[in-house]
Amino acid sequence: MRSDPHGSRTGGLDSSAHAGGSGPSVSKGSTPKGSASNDRSGAAADLARARKQLLDGGARNRRLDAPSLRQALVDLHEFWLTTKGSELGIKPDSGFAIVAVGGLARRELLPYSDLDLILLHDDMSPEIVAAVADKLWYPLWDAHIKLDHSVRTVPQALQVAATDMTAALGMLEARHIAGDVELSNLLIGGVRREWRTGIRSRFDELITQTSSRWSRSGEIAHRAEPDLKSGRGGLRDVQLLDALAIAQLTDGMPGLGPSSPGGGLAFAHGRLLDVRTELHRVAGRARDQLRAQDADEIGAALRIGDRFDLARVLSDSARTISYSVDVGLRTAGNSLPRRGLSRLRRAPVRRPLDEGVVEHAGEVVLARDARPGKDPGLITRVAAASAQTGMPMSASTLNRLSDSAPELREPWPKEAFNDLLVLLGSGRRAIAAIEALDRTGLWGRLIPEWGAVRDLPPRDAVHTWTVDRHLVETAAYASALTTRVARPDLLVLGALIHDIGKGRGGDHSVVGAELATQIGNRLGLWPSDVALLSAMVRYHLLLPETATRRDLDDPATVETVVNTLGADTVLLELLHALAEADSLATGPGVWGDWKASLIRELVRRCRMVMAGESLPTPDPLDPAHIARAEKGGVHVDLQPTDGMHTYVVTVVAPDTPGLLSDAAGVLALHSLRVLSASLGSHDGSAVNSFAVAPLFGTPPQAGLLRQEIIRAQAGELDLIALLDAKERDAQPIPLDDRAGESTEPEDDSAVPVVYAQAPPRVLWFDGSDSGQVVLELRAEDRLGLLCRLATALEKLGADVRWARVATLGTSVVDAFCIDLSGTDTRATREDIERALLAVVPAPEPPKPPEKPEGT
């Protein structure tokens, strides 16, 4: 077989959007000057009439459904091309081949799709090639059939594929239609072989092109008039997955199977194809963007329902494809061959994150000894670890959990509920984690009520998101407001379910309040907290509707709100924060200064009527601990609780400066998270009880903790330095997805920077005794936070009489009773507040605007 490395070109015949040709071209869908006679186009006219008959309903006027129509169009065009090719002598061993790309190649030919063809030749003479091409193209042009074509040798086509990404992606789908099959195989095999061998150098370009397309076209799931072809979650993304599979970087259908919500990737792909097929049929021409005025007709044709039902189906399908693309790109990036010095580096290590959860190659995966079939809380632990670190959950891990993890018993174990709070309190990092759980069926297992709002389209145009995504967005915004309320756990939980009653008929606030009671009981909340959560859902619109529609100067307005809320100040502040988060999550411009000021004034007036806030008080001491305190000495006791991974550590020791920070620091160094703490004193001894949960494994022996506390008190352990080092090691490792070629030096002495979603807040109350004050700190948690706070207070000589510490997901609410009248106390309230705020996480400062070039 002869070939010319430079290729031969025929003037006016070498053009193709898919093949990326340059030089003279014929406009797509137009008829060139000098068209052939009508008898030459007769067969193509028959093709055009047959196409029209299929669209009109066939000879018996029976309307074909979308899949049958596509298959009929494929069969029709293949028959015409093979027949015409045979007539022109395009047969085996002829040196010519007709190769399809685009919709015909994929067997997805739509009613008004272009016919994308390549005429391959074995370096034939230009005169012969021109004659064959004329007789193949002109009849189609004369019959007004849209044609996207090129004429090439195999080397020419391979050269185009090597230099043009769009052309390469098109030719990866190429399929032989007629003529010399060996010639077609040379092209198809060559393009795929060069794609596999060159993917390492082209992957970044592929990612850039894909991101640019998403930026232009937006997300199908959340667009009123989505682009079904190029939008995120659209048909181009399915073709991207196929290209990655051809490069042997991932499976063709990664991430989701037919048992997942929505039926999996193949079903989602078919749904989008059906909608786009009907869109062509309704519009009477090629169209990719679904217009609102066509949605009802398309929904009825596909027997889906009205435009809202169609929007829900599209959202489900697009989000399924989006998740699969995320998995595919991540898998492909990790599968790329390394180059340079990175080839000499060790394989990624497995770093523990939580019990049964580790990091591997930039993903959250199950530990080797994890037993998902016997550990129901593993789902929430994996999700919490993902949200906290910002690393995605491995698709294989999610599939394994989906297949093996049992249902959580009701009420939920405390550890599982706390992990849920950690997930919800992680800000925008929680969105991807929840989306992954939802696409794999795990989120609906945790919250069965979610099914009614999944992919539910909004009825109001002001809403940007589907109802389920709006709920998750609200929780993400609420996580930045947790320090404004006394119950950050109920704030993020209420934000997540405030619209859970939608999609069921009736007043969604009333329906949602009943569901909130059901959910709260399942999660294991106290009855009083269940009632508070239900009230949040029931009255989540009360403040914005009253503030914007009623006269705030009318005393009856404030009185109505106060009576409705039962004069509950905690509920009032929760609703205030929820109103802001809900508005921010609705869409641009919904929350502004005017609305914020009206609600703030309403809340201020309600507080004046409610009058007063409760004062934090110490917990009573256990008589057994009092007895130990009277004996003197250092005692450490560790006892399991009813939870699977929760223990109580009680430290009884002489009440000397630094004991609290030493005990809290030792617990943190041994990977024991302090969930709550109660600190008191009796007869010269401190009695400090900590509810803790091991990060992974089992806790150390009480004797070891006692020895470490004694060492810390003796000054043998620099706890803050050790905690900084441990915190630095726990930070997500910056990972080059493909090469790992970073040359940035590591500074082992650097103190890790931990940022928060919500700004910290300090509240002051006058204590019950003269000279005493109660400080309440609301902040986000970090490793060894209680040790750091106690150290800051001890350095200022603050005398802590008692303390109550609570960790609620990612938030802490810590109350310290401080005696400011003692002679050793050198600090004012301002000094104490400044010292505490210096060690708690705070939001990342805004980045300064970039300076224009040349300044």
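Shown above is the structure to which this text applies.
Just so it is clear, the model here is predicted, and its values are computed rather than measured.

Visitor: Help me out: how do you make sense of the pairing of strand β7 (residues 363-366) in this one?
Guide: Each regular strand displays side chains that alternate between the two surfaces of the sheet. Along β7, one buried face is formed by Glu363 and Val365 and the opposite face, lined by Val364 and Leu366, is buried too. Of the strand pairs in this sheet, strand β6 (residues 357-360) and β7 are connected by four bridges, and their pairing is antiparallel. For valine 358, the partnering residue across the bridge sits in β7 and is valine 365. Between β6 and β7, which pair antiparallel and follow one another directly, the connecting turn spans two residues, one of which, alanine 361, has a positive phi of 55°.

Visitor: I keep staring at the sheet that holds strand β13 (residues 772-780) and nothing clicks. Help me out?
Guide: With respect to topology, eight strands assemble into an open sheet ordered β8-β9-β11-β10-β14-β15-β13-β12, the strand pairing being antiparallel. Looking at which strands have only one partner, the edges of the open sheet turn out to be β8 (635-640) and β12 (761-766). Each neighbouring strand pair of the sheet contributes to a mean axis angle of 15°, computed without reference to strand direction. Taken together, the 10 bridges between strand β10 (residues 672-682) and strand β11 (residues 685-694) define a ladder with antiparallel strand orientation. Paired with glycine 680 across the bridge in β11 is valine 687. Contacts between helix α30 (residues 829-837) and the sheet are confined to β12, β13 and β15 (811-819), with β12 contributing the most and set at about 150° to the helix.

Visitor: Looking at this model, I keep getting lost on the nonpolar core. Mind explaining?
Guide: Nonpolar side chains tend to gather and get buried jointly when the protein is soluble and globular. Ranked by internal contacts, the top residues of the largest apolar core, which has 92 residues, are Met393, Leu420, Leu423, Leu437, Trp443, Trp450 and Leu496. When near neighbours in sequence (up to four residues on either side) are disregarded, leucine 437 contacts Ile379, Ala383, Met393, Leu398, Leu423, Leu442 and Trp443. Of all hydrophobic cores here, the second largest spans 56 residues; its members include Val154, Leu172, Leu187 and Leu290.

Visitor: Sorry if this is basic, but what is going on with the pattern of salt bridges here?
Guide: Opposite charge on two side chains permits pairing when their charged atoms draw close. This model, assessed by the stated rule, comprises 49 salt bridges. Residue aspartate 288 pairs with arginine 276 through a salt bridge whose shortest N-O separation is 2.7 Å. With aspartate 288 in the loop between α9 (264-283) and α10 (292-301) and arginine 276 in helix α9, this pair connects stretches of sequence that are 12 residues apart. By relative accessible area, which is 25% here, aspartate 288 ends up partly exposed. For the salt bridge of aspartate 468 with arginine 319, the shortest nitrogen-to-oxygen distance reads 3.0 Å.

Visitor: Teacher, can you tell me more about the environment of serine 201 here?
Guide: Note on placement: serine 201 falls in helix α7 (residues 181-217). Considering only alpha carbons, one finds serine 201 and leucine 336, 135 residues apart in sequence, at a separation of 9.9 Å. Within the structure, the side chain of serine 201 is placed 3.0 Å from the backbone oxygen of glycine 198, a separation counted as a polar contact.

Visitor: Just to check I follow, could you spell out helix α8 (residues 235-246) for this structure?
Guide: Since there are 3.6 residues in each turn of an α-helix, residues three or four apart along the chain are aligned in direction. An ideal rise of 1.5 Å per residue puts 16 Å on 12 residues; α8 measures up with 17 Å between its terminal C-alpha atoms. In terms of residue burial, α8 counts as a mostly covered element, since nine of its 12 residues are buried. Within α8, burial applies to Leu235, Asp237, Val238, Gln239, Leu240, Leu241, Ala243, Leu244 and Ile246. Buried residues along α8 sit in contact with α3 (102-106), α6 (165-171), α7, α9 and α11 (307-335). Phi turns positive, to about 60°, at glutamine 248, one or two residues after α8.

Visitor: Just checking my understanding: could you explain the packing of helix α19 (residues 508-523) against helix α20 (residues 527-538) for this structure?
Guide: Axes are the key here: two packed helices are described by the angle between their axes and the distance separating the axes. Viewed as axis vectors pointing N to C, α19 and α20 meet at an angle of 155°, and their least axial separation amounts to 8 Å. Comparing the axis directions of α19 and α20 gives the class roughly antiparallel. Crossing of α19 over α20 shows right-handed handedness. Residues Ser509, Val510, Gly512, Ala513, Ala516, Thr517, Gly520 and Asn521 of α19 pack against Val530, Leu533, Ser534, Val537 and Arg538 of α20. Its residues assigned to classes, the contact of α19 with α20 shows six nonpolar, six polar and one charged.

Visitor: Would you mind showing me how to read the packing of aromatic side chains here?
Guide: Aromatic rings considered in pairs are described by the distance between their centres and by the relative angle of their planes. For the structure shown, the criterion picks out two aromatic pairs. When the ring of tryptophan 443 is compared with that of tryptophan 450, the centres are 5.8 Å apart and the planes differ by 90°; the resulting orientation is edge-to-face. Each member of the pair, tryptophan 443 together with tryptophan 450, is buried. Taking the ring centre of tyrosine 477 as reference, the NZ or CZ of arginine 428 above it sits at 5.8 Å. The ring centre of phenylalanine 308 lies 3.8 Å from the NZ or CZ of arginine 459, which sits over that ring.

Visitor: I would appreciate a short explanation of the side chain of serine 661 in the present structure.
Guide: Along the chain, the position of serine 661 falls in helix α26 (residues 659-669). Exposure remark for serine 661: the relative accessible area of 3% places this residue in the buried category. Side-chain polar atoms of serine 661 contact the backbone oxygen of glycine 658, separated by 3.0 Å. Excluding residues within four positions of it along the chain, serine 661 makes contact with Leu719, Cys787, Ala790, Thr791 and Glu794.

Visitor: Before we go on, may I ask you to explain unusual backbone geometry in this structure?
Guide: Leaving glycine aside, a negative phi is the common case for residues, and trans is the common case for peptide bonds. Following glutamate 410, the chain continues to proline 411 via a peptide bond in cis, the omega torsion being -5°. Even without a glycine there, the phi angle at arginine 107 is positive, about 60°. Backbone geometry places aspartate 455, a non-glycine residue, at a positive phi of 60°. Residue placement: aspartate 455 occurs in the loop between α16 (442-446) and α17 (467-478). Under the relative-accessibility criterion, aspartate 455 is labelled buried at 2%.

Each value, and the rule that gives it
- Residues numbered from 1 in each chain as written.
- Predicted model: local features only at pLDDT ≥ 70, side-chain atom pairs only at ≥ 80, totals over all residues.
- Heavy atoms only, no water.
- Buried < 20%, exposed > 50% of the residue type's maximum accessible area, 1.4 Å probe, protein only.
- Helix = DSSP H or I, 4+ residues; strand = E, 2+ residues; numbered from the N terminus.
- Pairing = 2+ DSSP bridges.
- Axes fitted to C-alpha atoms, helices over the stretch in contact; angles between N-to-C directions.
- Contact = heavy atoms within 4.5 Å.
- Core = buried A, V, L, I, M, F, W, Y, C linked by side-chain atoms within 4.5 Å.
- Salt bridge = Lys/Arg side-chain N within 4 Å of Asp/Glu carboxyl O.
- Polar contact = N/O pair within 3.5 Å; in protein donor to acceptor, adjacent residues only side chain to side chain.
- Expected span 1.5 Å × (residues − 1).
- Parallel < 35°, antiparallel > 145°, perpendicular 65-115°, else oblique.
- Left-handed = near helix turned anticlockwise from the far one by under 90°.
- Nonpolar A, V, L, I, M, F, W, Y, C, P; charged D, E, K, R; others polar.
- Phe/Tyr/Trp six-rings, centres within 6.5 Å; stacked < 30°, edge-to-face > 60°.
- Lys NZ or Arg CZ within 6 Å of the ring centre and 35° of its normal.

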